Amino acid sequence: MDSTGTESSTGTGAEKDKAAAGLTKATPAAAAAPDIQSHDTFVIKKKLSLTAGEYVVSVARPDGSEGEPFAYAREKRLSLRGQVTVYTDASRKSVLAAFKGRDHEVGYMYDVRDASGQHFGSFYEDAGASFLRRTWQVRQPGTMKLTGRECSRVVAFVRFVWEFVPYLEYVPFIWPYRFQYTESGKPLMTVTKKLGLHTRYVLEILAPDIDRRLAIAHTLALDTLEVD
């Protein structure tokens, strides 16, 4: 994949099949999974766990509260490149989506795939633009190229300093912050971390063509790949 998010054609078919099998070893997503593409607002909540990063994803109710969970995510511990799988059931038998980092000229590129290993999106942190405010590039092949940037310069600076203060790295950054994603200056998606001791994000999608699986995977990455 090049720096614009275009999937590379290099590599043998056997290598691609092997990589896909290693990324998603569970069975395909269940047919009974909800039609998430018809929804625009989601709540992603981190569960308290001593063994792994675990998350529950639900469609938001009209009042903004959490609805019934429809997906469960789990971060692979000790993965230097970042690896998260999103399941459609709490038993983690059916995969909705998964992402895993790989070396790239931009640093790490995170490819998002479905249960069969089919690539349908990617994202990476724009290191040059992230010096003062964290900035991400999200690519949906043939559809969209989103640029996501932290909205508040002040909060972004505090978060930056927070990471370098001894021992604060073990203390959750409870103050809320927000990312806005645009294409050609037009807002198409937002991710807001809510105030509180429990980690909770609200994902709002303003464009019907954005793949909800890609948006959810990237929201999870904001937590698993960044140090609060």
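The structure this text deals with has already been given above.
Residues numbered from 1 in each chain as written. Predicted model: local features only at pLDDT ≥ 70, side-chain atom pairs only at ≥ 80, totals over all residues. Heavy atoms only, no water.

**A word on the overall build of the protein**
Part 1: When its secondary structure is counted, the protein shows three helices and 13 strands.
Part 2: With 228 residues in all, the protein has 45% of them scored as buried.
Part 3: Split by element, the accessible area of the protein, about 12000 Å² in all, is 55% carbon and sulfur. (Helix = DSSP H or I, 4+ residues; strand = E, 2+ residues; numbered from the N terminus. Buried < 20%, exposed > 50% of the residue type's maximum accessible area, 1.4 Å probe, protein only. Areas by Shrake-Rupley, 256 points an atom, 1.4 Å probe, with all protein chains shown as cover.)

**Section: the pattern of salt bridges**
Part 1: Under the criterion given, the structure shown has eight salt bridges.
Part 2: In this structure, Lys47 engages Glu54 in a salt bridge whose closest nitrogen and oxygen atoms are separated by 3.8 Å.
Part 3: Overall, Lys47 belongs to the partly exposed group, its relative accessible area being 39%.
Part 4: The exposure class of Glu54 is buried, given its relative accessible area of 15%.
Part 5: Here Asp211 ties to Arg213 by a salt bridge, and the two come within 2.7 Å at their closest N and O atoms.
Part 6: For Asp211, a relative accessible area of 13% puts it in the buried group.
Part 7: Look at Arg213 and you get partly exposed, because its relative accessible area is 23%. (Salt bridge = Lys/Arg side-chain N within 4 Å of Asp/Glu carboxyl O.)

**Brief notes about the pairing of strand 9 (residues 135-140)**
Part 1: Of all six residues making up strand 9, six are buried, and the element is well covered by its neighbours.
Part 2: Of the two faces of strand 9, the one carrying Thr135, Gln137 and Arg139 and the one carrying Trp136, Val138 and Gln140 are both buried.

**A look at the packing of aromatic side chains**
Part 1: Applying the stated rule across the entire model yields eight aromatic pairs.
Part 2: Look at Phe99 and Tyr110: their rings are 6.2 Å apart centre to centre, the planes differ by 85°, and that puts the pair in the edge-to-face class. Placement of Phe99 in strand 6 (residues 94-104) and of Tyr110 in strand 7 (residues 107-113) is noted, with a sequence separation of 11 residues between them.
Part 3: Note on Tyr110: relative accessible area 7%, which makes it buried.
Part 4: Through successive ring pairs, a cluster of aromatic residues spans Phe99, Tyr108, Tyr110, Phe123 and Trp136. (Phe/Tyr/Trp six-rings, centres within 6.5 Å; stacked < 30°, edge-to-face > 60°.)

**A look at the nonpolar core**
Part 1: Phe42, Phe70, Phe99, Phe123, Leu203, Ile210 and Leu220 are the most contacted members of the largest nonpolar core, which totals 41 residues.
Part 2: Counting residues per element, this core draws most heavily on helix 3 (residues 212-224), which supplies seven residues. (Core = buried A, V, L, I, M, F, W, Y, C linked by side-chain atoms within 4.5 Å.)

**Here's the deal with the pairing of strand 10 (residues 144-150)**
Part 1: Residues Met144, Leu146, Gly148 and Glu150 of strand 10 are buried on one face, while the alternating residues Lys145, Thr147 and Arg149, pointing to the opposite face, are not.
Part 2: Across six bridges, strand 9 lies against strand 10 in antiparallel orientation. Bridge pairing in strand 10 links Gln137 to Thr147.
Part 3: Linkage of strand 9 to strand 10, two consecutive antiparallel strands, is achieved through a turn of three residues, within which Gly142 is found at a positive phi near 75°.
Part 4: Here strand 10 runs beside strand 11 (residues 177-183); their pairing, made up of four bridges, is antiparallel. In the sheet register, Arg149 faces strand 11, and the bridge partner there is Gln180. (Pairing = 2+ DSSP bridges.)

**Here we look at unusual backbone geometry**
Part 1: Phi is positive for Arg92, which is not a glycine, with a value near 60°.
Part 2: Positive phi is not limited to glycine here, since Ser184 has a value of about 55°.
Part 3: With respect to the helices, strands and loops of the structure, Ser184 is situated in the loop between strand 11 and strand 12 (186-193).

**Observations regarding the environment of Arg92**
Part 1: Looking at the element boundaries, Arg92 is found in the loop between strand 5 (83-87) and strand 6.
Part 2: Sequence separation between Arg92 and Tyr72 is 20 residues, and the spatial gap between their C-alpha atoms is 7.5 Å.

**Some thoughts on the side chain of Thr192**
Part 1: Tracing the sequence through the fold places Thr192 in strand 12.
Part 2: Of the residues examined, Thr192 reaches a relative accessible area of 15% and is grouped as buried.
Part 3: Sequence-distant contacts of Thr192, that is, excluding residues within four places in its chain, are made with Tyr177, Arg178, Arg200, Tyr201 and Val202. (Contact = heavy atoms within 4.5 Å.)

**Considerations on the environment of Ser65**
Part 1: With respect to the secondary-structure elements, Ser65 resides in the loop between strand 3 (54-60) and strand 4 (66-75).
Part 2: Taking the relative accessible area as the measure of exposure, Ser65 reaches 26% and is therefore partly exposed.
Part 3: Expressed as a C-alpha distance, the spacing of Ser65 and Phe42, which sit 23 residues apart in the sequence, is 9.3 Å.
Part 4: Apart from residues lying up to four places away in sequence, Ser65 is in contact with Val43, Val59 and Ala60.
Part 5: In this structure the side chain of Ser65 is engaged in a polar contact, spanning 2.6 Å, whose partner is the side chain of Asp63. (Polar contact = N/O pair within 3.5 Å; in protein donor to acceptor, adjacent residues only side chain to side chain.)

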